[in-house]
Amino acid sequence: MYNYLLKIEYDGTNFVGWQSQKNGTSVQEKIEKTLKKILKVKIKINGAGRTDKGVHALGQYANFKINQHIKDKKKLLNSLNFFLSKYLISILQIKEKKIDFHSRFSAKERVYEYHIVNREGSLSLSKNKAWHIKKKLDINLLKRGARILEGKHDFSAYRASSCIAKSPIKKINLIKIAKRGDRIYILIKSKSFLQKQVRSMVGCLNYLSTKKWSLENFKKVLKMKKRSLCAPPAPAHGLYLKDIKY
């Protein structure tokens, strides 16, 4: 038995998410079907992160096990991309791993990045690739809010009602805010996240930085642990799974 790890990039616009579902086409489904077409056996891949509908990936990872040894990984990569490119899915890398490696459970840190375009003019090139916010964002308030969210907290207020995680307690290792022209990037690192946690955090940071909320109100949401107090989650199309650290 052999174990292989794929590094994957995709545009999530036309997918129901990463995970295979009955209600539409998923990224996982497209890759599994393509692997079966090329390798002539049914393949089940394990994704490192279950991105939601509309969320993109710059560095998603997935592993699969197979009885046959893949001698020419470059050929497989090119064959996969030949079939997957029309769906805006790219396989960036194929590596052989130890048999006990699991892309999800072996992950030490997940890195997400949220993209915002802060300007009056509408989006053309970044349509479905970033959150367009017309109202001026206060970068200093964004950074102050980010520092509050860093560290170990009960993130009950930021989790989706359908979240199945056993505990709402998560440790945010880092939140970094970067501004380049009219673009704002929010980089967030943690070993794992609750369902819709990142988007909910960004939604609350937006309320703070547009001064819809005071700093005290922002702190209260985290402290009270009530989902009803949370700001609406930021749109999925601004979120990117940037990398997984192993």
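Draft legend 1. Quick look at the overall build of the chain. Looking only at helices and strands, one finds 5 helices and 10 strands in the chain. Taken over C-alpha atoms, the radius of gyration comes to 19 Å for the chain, in line with the 18 Å a tight globule of 246 residues would show. Taken along its principal axes, the extent of the C-alpha atoms in the chain is 60 × 40 × 30 Å. Here the chain holds 246 residues, and 50% of them are scored as buried. A separation of at least 24 residues holds for 69% of the contacts in the chain among residues at least 6 apart in sequence. With an accessible surface of roughly 12,900 Å², the chain has 49% of that area assigned to carbon and sulfur atoms. Taking the average location of the 55 positive side-chain charges in the chain and that of its 17 negative ones, the two points are 3 Å from each other.

Draft legend 2. The arrangement of helix α2 (residues 73-84) in detail. Here α2 spans 16 Å end to end across 12 residues, near enough to the 16 Å set by a 1.5 Å rise per residue. Considered for burial, the residues of α2 that qualify are Leu76, Leu77, Leu80, Asn81 and Leu84. Looking straight down α2, one finds its buried side chains confined to an arc of 130°; they lie on one side. Along α2, exposed side chains directed more than 90 degrees from the buried face belong to Lys74, Lys75 and Phe82. At the N-terminal boundary of α2, the capping side chain belongs to Asp72, with an oxygen 3.4 Å from the backbone nitrogen of Lys74.

Draft legend 3. Quick look at the nonpolar core. Grouped together as the largest cluster of nonpolar side chains are 72 residues, with contacts concentrated most on Ile31, Phe64, Tyr158 and Ile186. No other element matches helix α4 (residues 197-209), which puts 7 residues into this core. Non-local contacts of Ile186, meaning those with residues more than four positions away in its chain, are made with Tyr112, Glu113, Tyr114, Ile116, Leu142, Ile175, Lys176, Ile177, Val202 and Leu205.

Draft legend 4. Here's a closer look at the packing of aromatic side chains. The full count for this structure, using the stated rule, is 9 aromatic pairs. Ring geometry for Tyr4 and Phe64: centres 5.8 Å apart, planes at 35°, overall tilted. Placement of the pair is Tyr4 in strand β1 (residues 2-10) and Phe64 in strand β3 (residues 56-66), with a sequence separation of 60 residues. By relative accessible area, which is 0% here, Tyr4 ends up buried.

Draft legend 5. Quick peek at the pairing of strand β8 (residues 169-180). Bridge count for strand β7 (residues 151-154) against β8 is 4 bridges, and the pairing is antiparallel. Along β8, the bridge assignment pairs Gly151 with Ile172. Note: β8 against strand β9 (residues 183-190), 8 bridges, orientation antiparallel. Bridged to Ala178 within β9 is Tyr185. Hairpin remark: β8 followed by β9, antiparallel, with 2 residues in the connecting loop; positive phi at Gly181, about 65°.

Draft legend 6. Expanded view of the side chain of His115. Note that His115 resides in strand β5 (residues 109-118). Residues within four places of His115 in sequence aside, it is in contact with Lys129, Ala130, Trp131, Ile184, Tyr185, Gly238 and Tyr240.

Reading the values: the criteria
- Residues numbered from 1 in each chain as written.
- Predicted model: local features only at pLDDT ≥ 70, side-chain atom pairs only at ≥ 80, totals over all residues.
- Heavy atoms only, no water.
- Helix = DSSP H or I, 4+ residues; strand = E, 2+ residues; numbered from the N terminus.
- Rg over C-alpha atoms; globule rule 2.2 N^0.38 Å.
- Buried < 20%, exposed > 50% of the residue type's maximum accessible area, 1.4 Å probe, protein only.
- Contact = heavy atoms within 4.5 Å.
- Areas by Shrake-Rupley, 256 points an atom, 1.4 Å probe, with all protein chains shown as cover.
- Lys, Arg positive; Asp, Glu negative; His and termini not counted.
- Charge placed at Lys NZ, Arg CZ, Asp CG, Glu CD.
- Expected span 1.5 Å × (residues − 1).
- Arc of directions from axis to C-beta.
- Polar contact = N/O pair within 3.5 Å; in protein donor to acceptor, adjacent residues only side chain to side chain.
- Core = buried A, V, L, I, M, F, W, Y, C linked by side-chain atoms within 4.5 Å.
- Phe/Tyr/Trp six-rings, centres within 6.5 Å; stacked < 30°, edge-to-face > 60°.
- Pairing = 2+ DSSP bridges.

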